[in-house]
Amino acid sequence: MPSSWLTYIFVYVLVCDGVVAQLENSTERDKRPVGKTGDNSGDRVVFLFNTFQNVNVHENETVQAVVSRIPLDVAFITLQFHTQHSNATLSYTRMPGLGLSLTAVDSGLLSPLIPGQTKLSWFLLAPDGDSVAGTGVILPYTSSDPVPGACNLEFDLDIDPNIYLHYNLFETTIRFAPANIGYSRGSNPPACDTEVGENARWRLRYDIYQYFLPESDLSEQSLIISIQSVANVQTMREHGKRLMTLSSSDKTEVVFSSIPGQGVIYSVIVRDPVLNTSSSYIPVHTYACSFSSTLDGCDTLGKISTRIFFTIAGLAGLFVCFFGHRFFKCELFCMGFGFAAFLFFILITRTTKLDYDIRLTLTAVIGVVGGVILVMSWWRFGSVMSCVVTVGLMLGFLISSIVFFTPVGDIQVFRSNVVFWVTFSCIVVVVLLFFVRWPREGNITTCGVAGAYAVVLAVNAYIYTSLSYITLNILKRFLNDNFSKAFTDVPFQDIDFIMITVWVVLGVSGIVLQLYRERTRPFFPPSPYLMWLQERERRKTNVLDPSHHTSSLPSRLLARARQLTGRRESAGERTPLLL
């Protein structure tokens with residue numbers, strides 16, 4: 001009985017010792033002013049397994065991360081450290097060196113353990129001369145778990161569990177080193193270059209996961225909370241979305257569509273299907289924008305020129321949604337504007353390196369020209385079908401874009417540009433055939449759907465919504481030849497469901513209102529030029545018509561002349577004879 005009490009007291013002392021040491025380390029760091037120079041090599045942070053620890057690394061400071069009392073069944077340990085946008089250095093040694101350290105926003109190290117080892121330490125530094133604040137966690141793994149990055153032949157670390165992320169305006173790419181099957185302490189790692197078989201690393205599978213941060217939330221607190229909720233295998237499976245699974249023979253590289261201003265966390269979980277075990281690479285995050293850039297940074301994504309452009313487009317779309325068919329010339333101008341502007345923006349972006357604002361201005365000018373040309377072609381030739389074809393192409397493009405905005409767009413067969421564009425074009429043609437059969441109904445439907453979507457794009461200029469990527473993904477595919485490899489998954493959160501409701505309500509209301517109002521009217525208004533020609537021919541052939549003896553003025557001018565003549569005669573003025 002006394003021996004059992006002694007055991008409980010001994011365990012209690014060990015636990016309290018670890019907690020007190022951790023509190024003392026935190027207190028010492030909090031007392032030190034930010035930016036203090038000098039040798040701070042004595043700073044230590046005690047970590048507990050699977051428990052996040054917030055760490056501040058001050059200027060010219062080296063913080064030692066320590067974990068002790070490691071169970072003997074643990075074969076290797078990973079340390080991961082995350083900041084929002086400042087680089088931090090993790091190192092195996094106090095002095096970082098090539099192959100012994102990593103500097104990144106999301107960094108991690110993996111340490112295999114030797115027999116009998118119960119304590120381990122790493123070092124954290126601020127490489128850019130400024131203080132760095134972040135959160136870290138240590139995860140233990142057993143000998144049966146796969147070792148992430150153990151078959152690394154590409155990156156600097158010998159065993160590299162990190163995910164390397166690169167992004168541009170169009171796409172975000174992640175790369176990682178292949179893993180190896182697990183092995184016990186003190187034993188030699190299995191060879192990575194063995195032949196394919198169930199007893200080698202080739203049996204491993206890689207699950208690619210994605211987790212979206214709250215929309216329009218660029219705060220550090222939101223990132224830290226999200227990182228902590230998906231840092232290990234279990235939590236990522238619970239909260240993240242699995243996008244795909246790679247085999248060991250696949251290339252360890254995945255491409256996604258960039259979403260500037262939207263926080264995203266990517267992670268890779270490597271599985272051993274034979275032993276039914278798994279382990280996690282170091283999660284990595286991105287906003288697809290820069291926090292340090294004063295131009296086009298994360299805080300300045302909404303350009304003034306973009307907001308002006310889409311605000312005007314949204315007001316025009318709202319008008320077209322409810323009154324487009326009634327004011328046919330205005331509708332044709334708006335549709336011609338959108339059609340010409342879209343094609344010209346693709347052309348000028350692919351062929352020039354002009355500034356964005358200049359390209360947007362030229363796009364607006366060409367859009368106006370396109371709208372005028374479409375209106376004048378109807379005014380001069382009077383062919384409704386030729387104009388409605390342009391309107392039908394607009395609706396077909398939008399419907400086809402919606403189809404590929406759904407999970408259908410991520411089906412593997414549509415990675416082929418040929419398959420994608422053939423399918424896309426077929427959907428557009430099917431919609432166009434609907435216009436040929438029911439031109440008025442099709443035109444009113446386009447007014448409602450496209451006009452309401454223009455309102456959604458106008459809202460997106462001020463408040464981010466994923467619905468803008470319905471057309472933006474297609475635009476990216478036009479502009480970037482490699483975009484076909486990218487996953488186009490986007491977050492759907494509260495604002496997106498609100499905007500879907502707004503889109504549906506506006507579209508349905510506009511369609512129903514116009515169909516009701518136009519039910520007794522002619523299908524399409526007549527061409528003014530053709531009406532003038534008919535009026536002129538009528539005057540030439542009808543000698544009983546008084547207008548036969550007057551000059552062939554347009555009908556409106558002739559009516560005005562008659563009105564003025566009547567007023568003068570009533571006033572007793574002498575009216576000159578019109579020859």
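Residues numbered from 1 in each chain as written. Predicted model: local features only at pLDDT ≥ 70, side-chain atom pairs only at ≥ 80, totals over all residues. Heavy atoms only, no water.

The protein appears in an unreviewed UniProt entry as TM7S3/TM198-like domain-containing protein from Oncorhynchus tshawytscha. The record held by UniProt for the protein lists under Subcellular location (unreviewed entry) the comment "Membrane". (UniProt positions renumbered as here; feature names shortened; annotations may be inferred.)

Draft legend 1. Just the UniProt feature "transmembrane region" (unreviewed entry) in the protein, in detail. When the UniProt feature table is mapped onto this chain numbering, "transmembrane region" (unreviewed entry) sits at residues 308-325, 332-352, 358-379, 386-406, 418-438, 450-475 and 495-516. Split by type, residues 332-352 is 95% helix and 0% strand. Its first and last C-alpha atoms lie 29 Å apart. In this annotation, residues 495-516 is assigned 100% helix and 0% strand; the end-to-end C-alpha distance for the span is 31 Å. (Helix = DSSP H or I, 4+ residues; strand = E, 2+ residues; numbered from the N terminus.)

Draft legend 2. Structural view of the nonpolar core. Residues Ile 174, Phe 176, Tyr 206, Ile 208, Phe 256, Tyr 281 and Trp 503 are the most contacted members of the largest nonpolar core, which totals 39 residues. When residues in this core are grouped by element, the largest group, five residues, is from helix 9 (residues 439-460). Judged by nonpolar contacts, the second largest core, of 27 residues, contains Ile 77, Leu 109, Val 132 and Phe 155. (Core = buried A, V, L, I, M, F, W, Y, C linked by side-chain atoms within 4.5 Å. Buried < 20%, exposed > 50% of the residue type's maximum accessible area, 1.4 Å probe, protein only.)

Draft legend 3. Quick peek at the pairing of strand 9 (residues 132-142). Most of strand 9 is tucked away: eight of the eleven residues are buried. One ladder, built from five bridges, connects strand 2 (residues 53-57) with strand 9; its direction is antiparallel. Residue Asn 56 lies in a different strand from strand 9, and its bridge partner there is Ala 133. Examined bridge by bridge, strand 4 (residues 74-82) and strand 9 share eight bridges and lie antiparallel to one another. The partner of Thr 78 across the bridge, within strand 9, is Leu 139. (Pairing = 2+ DSSP bridges.)

Draft legend 4. The arrangement of the sheet that holds strand 8 (residues 120-125) in detail. Spatial ordering of the open sheet is given by 1-3-8-5-6, a layout of five strands whose pairing is mixed. What marks the edges here is a single partner per strand, and that holds for strand 1 (44-46) and strand 6 (101-104). Within this sheet the neighbouring strands show an average axis-to-axis angle of 25°, counted without direction. Bridging between strand 5 (residues 88-91) and strand 6 involves four bridges; their strand directions are antiparallel. Looking at the pairing, Leu 90 lines up with Leu 102 of strand 6. (Axes fitted to C-alpha atoms, helices over the stretch in contact; angles between N-to-C directions.)

Draft legend 5. View of the sheet that holds strand 11 (residues 171-176). The sheet built from four strands is open, its strands ordered 10-11-14-18 with mixed pairing. Each end of this open sheet is capped by a strand with a single partner; those strands are strand 10 (163-167) and strand 18 (486-487).

Draft legend 6. Looking closely at a nonpolar patch on the surface. The grouping of Phe 333, Val 368, Val 372, Met 376 and Trp 379 at the surface amounts to a nonpolar patch, some 400 Å² of accessible area in total. Counting residues per element, the nonpolar patch draws most heavily on helix 6 (residues 356-381), which supplies four residues. By the element assignment, Val 368 lies in helix 6. (Patch = residues over 30% accessible without salt bridge, like charges linked within 9 Å, V, L, I, M, F, W, Y side chains within 5 Å. Areas by Shrake-Rupley, 256 points an atom, 1.4 Å probe, with all protein chains shown as cover. Salt bridge = Lys/Arg side-chain N within 4 Å of Asp/Glu carboxyl O.)

Draft legend 7. Quick peek at the state of the cysteines. One pass over the full model with this rule turns up one disulfide. We note that Cys 321 lacks a disulfide partner, and the nearest cysteine sulfur, in Cys 447, lies 8.3 Å from it. Overall, the relative accessible area of 1% leaves Cys 321 in the buried class. (Disulfide = S-S within 2.5 Å.)

Draft legend 8. Spatial organisation of the side chain of Thr 306. Locating Thr 306 in the fold gives a position in helix 4 (residues 304-323). A distance of 2.7 Å separates a polar atom in the side chain of Thr 306 from a polar atom in the side chain of Tyr 356. (Polar contact = N/O pair within 3.5 Å; in protein donor to acceptor, adjacent residues only side chain to side chain.)

Draft legend 9. Main features of helix 8 (residues 417-437). In this model helix 8 runs 31 Å from its N-terminal to its C-terminal C-alpha over 21 residues, within 8% of the 30 Å that 1.5 Å per residue would give. What helix 8 keeps buried is the set Phe 420, Phe 424, Val 428, Val 431, Leu 432 and Phe 435. One face of helix 8 carries all of its buried residues, which in axial projection span an arc of 105°. Those residues of helix 8 that are exposed and angled more than 90 degrees off the buried face are Val 418, Val 430, Leu 433, Val 436 and Arg 437. Packing partners of the buried residues in helix 8 comprise helix 7 (384-405), helix 9 and helix 10 (469-479). (Expected span 1.5 Å × (residues − 1). Arc of directions from axis to C-beta. Contact = heavy atoms within 4.5 Å.)

Draft legend 10. Main features of the packing of aromatic side chains. One pass over the structure, following the stated rule, counts 27 aromatic pairs. Measuring from ring centre to ring centre gives 4.0 Å for Phe 155 and Tyr 164, while their planes differ by 20°; the resulting arrangement is stacked. Phe 155 sits in the buried class, given a relative accessible area of 13%. Measuring from ring centre to ring centre gives 5.6 Å for Trp 421 and Phe 424, while their planes differ by 75°; the resulting arrangement is edge-to-face. Of this pair, Trp 421 and Phe 424 are both found in helix 8, three residues apart, which corresponds to roughly one turn of the helix. Classification of Trp 421 by relative accessible area gives partly exposed; the value is 23%. Cluster of aromatic residues (ring-pair linked, three or more members): Phe 342, Phe 397, Phe 404, Phe 414, Phe 420, Trp 421, Phe 424 and Phe 478. The ring of Phe 327 is capped by Arg 326, whose NZ or CZ atom sits 5.7 Å from the centre of that ring. (Phe/Tyr/Trp six-rings, centres within 6.5 Å; stacked < 30°, edge-to-face > 60°. Lys NZ or Arg CZ within 6 Å of the ring centre and 35° of its normal.)

Draft legend 11. Broad picture of unusual backbone geometry. Even without being a glycine, Arg 69 presents a positive backbone phi close to 55°. Note that Arg 69 resides in the loop between strand 3 (62-67) and strand 4. Despite not being glycine, Ala 288 has its phi angle at roughly 55°, a positive value. Position of Ala 288 relative to the elements: it lies in the loop between strand 17 (284-286) and helix 4.

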